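Per-entry structural report
What follows is each chain in one-letter form.
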Amino acid sequence: MTPAFEVRDLSVHYDGACALAGVSLDMPALAISVVLGPSGCGKSSFLLALNRLSETIPGCRTTGRIRLFGHPLEGYTGGENELRRRVAMIFQHPVVFPLSIRRNLAIPIIEHFGHARSEIEARMETALRDVGLWEEVKDRLDAPATALSGGQQQRLCLARALALEPHALLLDEPTSALDPFAAGHVEALLRDLRSRLSLVLVTHNLAQARRLADEVALFWVRDGCGFLCESAPADRFFAAPQSDVARSYLAGRMG
Ligand SMILES: Nc1ncnc2c1ncn2[C@@H]1O[C@H](COP(=O)(O)OP(=O)(O)OP(=O)(O)O)[C@@H](O)[C@H]1O
Ligand SMILES: [Mg+2]
């Protein structure tokens, strides 16, 4: 199967300072690829490059090549908005609009699919059911989204992304701001989504990585610049890491 992402010699600089250099990596479709590594090794910068959000950051410059399901990212047909719908990003802190739960979903659905009211309602319900939120919010769709708990807000963000039928999800520490119960809920959801989506998950939580990863990439920092230290299928990475850095990291001695 064509990989979801084929990354070749990717480098990211901010105002000329290196954040990440020379990353080449394939991430398979319909799988969870987990990115690990210490703070500042370029994990978020890597994710941002995968749907070209990095282009929106002042001073950020990326070089190298990325193919998405076999197609070059630079010439993505439909432009950046279409790309970011197909390759959606979920951040550590849920970013809900300060509007009702309903409007949080309706606005992007209308923008992408038009105005048929029955279709909007149906897509909204499906997306909320997808993330296990429907029963919790169906009677208060007009309440402010900001009144939801952190875990519910994160699931609303996931629902908003899913409503637009993405092919891939980029998740930057999506559970690190949540309590263990809410985090478990999101984890279960990610595990289910793997059958229909390609996921790239940045996490600092090794136990979570062990539970979820199909593939692992370990980034590290050398002379202030991040690089890919090791990548492998998860079983192999956890059972038989190849590098001293990976062995130390897994043993909790570094990073
Ligand atoms: N907007 C920015 N402007 C300038 N430098 C940045 C910017 N974003 C990131 N950097 C720098 O790029 C490097 C990599 O940062 P990045 O956020 O990608 O690391 P990270 O692995 O995600 O770290 P963390 O685990 O703390 O989230 C760091 O040195 C950081 O200071
Ligand atoms: Mg980060």
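That block above? That's the structure.
Report follows, based on the coordinates. For clarity, every value in this text was computed on a predicted model and none was experimentally measured. (Residues numbered from 1 in each chain as written. Chains lettered and ligands numbered in written order. Predicted model: local features only at pLDDT ≥ 70, side-chain atom pairs only at ≥ 80, totals over all residues.)

Attention now moves to the site of ligand 1. Around ligand 1 sit 13 residues in total, of which Tyr14, Ala19, Ser39, Ser44 and Ser45 are the nearest. The element best represented in the shell around ligand 1 is helix α1 (residues 43-50), accounting for three residues. Class assignment for the residues of the shell around ligand 1 results in four nonpolar, eight polar and one charged. (Near = placed C-beta within 6 Å. Helix = DSSP H or I, 4+ residues; strand = E, 2+ residues; numbered from the N terminus. Nonpolar A, V, L, I, M, F, W, Y, C, P; charged D, E, K, R; others polar.)

Looking now at the packing of helix α3 (residues 101-113) against helix α6 (residues 150-163). Running from amino to carboxyl end, α3 crosses α6 at an angle of 25°, the nearest separation of the two axes being 9 Å. If you check the angle between α3 and α6, you find them roughly parallel. You can see that α3 and α6 cross each other, and the crossing is right-handed. On the side of α3, the interface is formed by Ile101, Asn104, Leu105, Pro108 and Ile109, while α6 contributes Leu156, Ala159, Arg160 and Ala163. (Axes fitted to C-alpha atoms, helices over the stretch in contact; angles between N-to-C directions. Parallel < 35°, antiparallel > 145°, perpendicular 65-115°, else oblique. Left-handed = near helix turned anticlockwise from the far one by under 90°. Contact = placed C-beta atoms within 7 Å.)

Our next topic: the environment of Ser198. Among the secondary structure elements, Ser198 is positioned in strand β8 (residues 198-202). Given 24 C-beta atoms within 10 Å, Ser198 falls into the buried group. Separated by 28 residues in the primary sequence, Ser198 and Leu170 place their C-alpha atoms 8.7 Å from one another. Ignoring sequence-local partners within four residues, the contact set of Ser198 consists of Ala4, Ala29, Leu30, Ala31, His167 and Ala168. (Buried ≥ 20, exposed ≤ 12 C-beta atoms within 10 Å, placed from the backbone.)

Right, let's talk about unusual backbone geometry for a bit. Even without being glycine, Asp9 reaches a positive phi, approximately 55°. As for its placement among the helices and strands, Asp9 is situated in strand β1 (residues 5-14). Backbone geometry places Arg52, a non-glycine residue, at a positive phi of 60°. For Arg52, the position within the fold is in the loop between α1 and β4 (60-68). A tally of 18 C-beta atoms within 10 Å means that Arg52 is categorised as partly exposed.

A separate point is the packing of helix α4 (residues 117-130) against α6. When two helices pack together, you describe them by how their axes are tilted relative to each other and by the distance separating the axes. Remark: α4 packs on α6, axes separated minimally by 8 Å, with the N-to-C direction vectors making an angle of 130°. The angle between the axes of α4 and α6 places the two elements in the oblique class. You can see that α4 and α6 cross each other, and the crossing is right-handed. For the pair α4 and α6, the contacting residues are Arg123, Met124, Ala127, Leu128 and Asp130 in the first and Ala159, Leu162 and Ala163 in the second.

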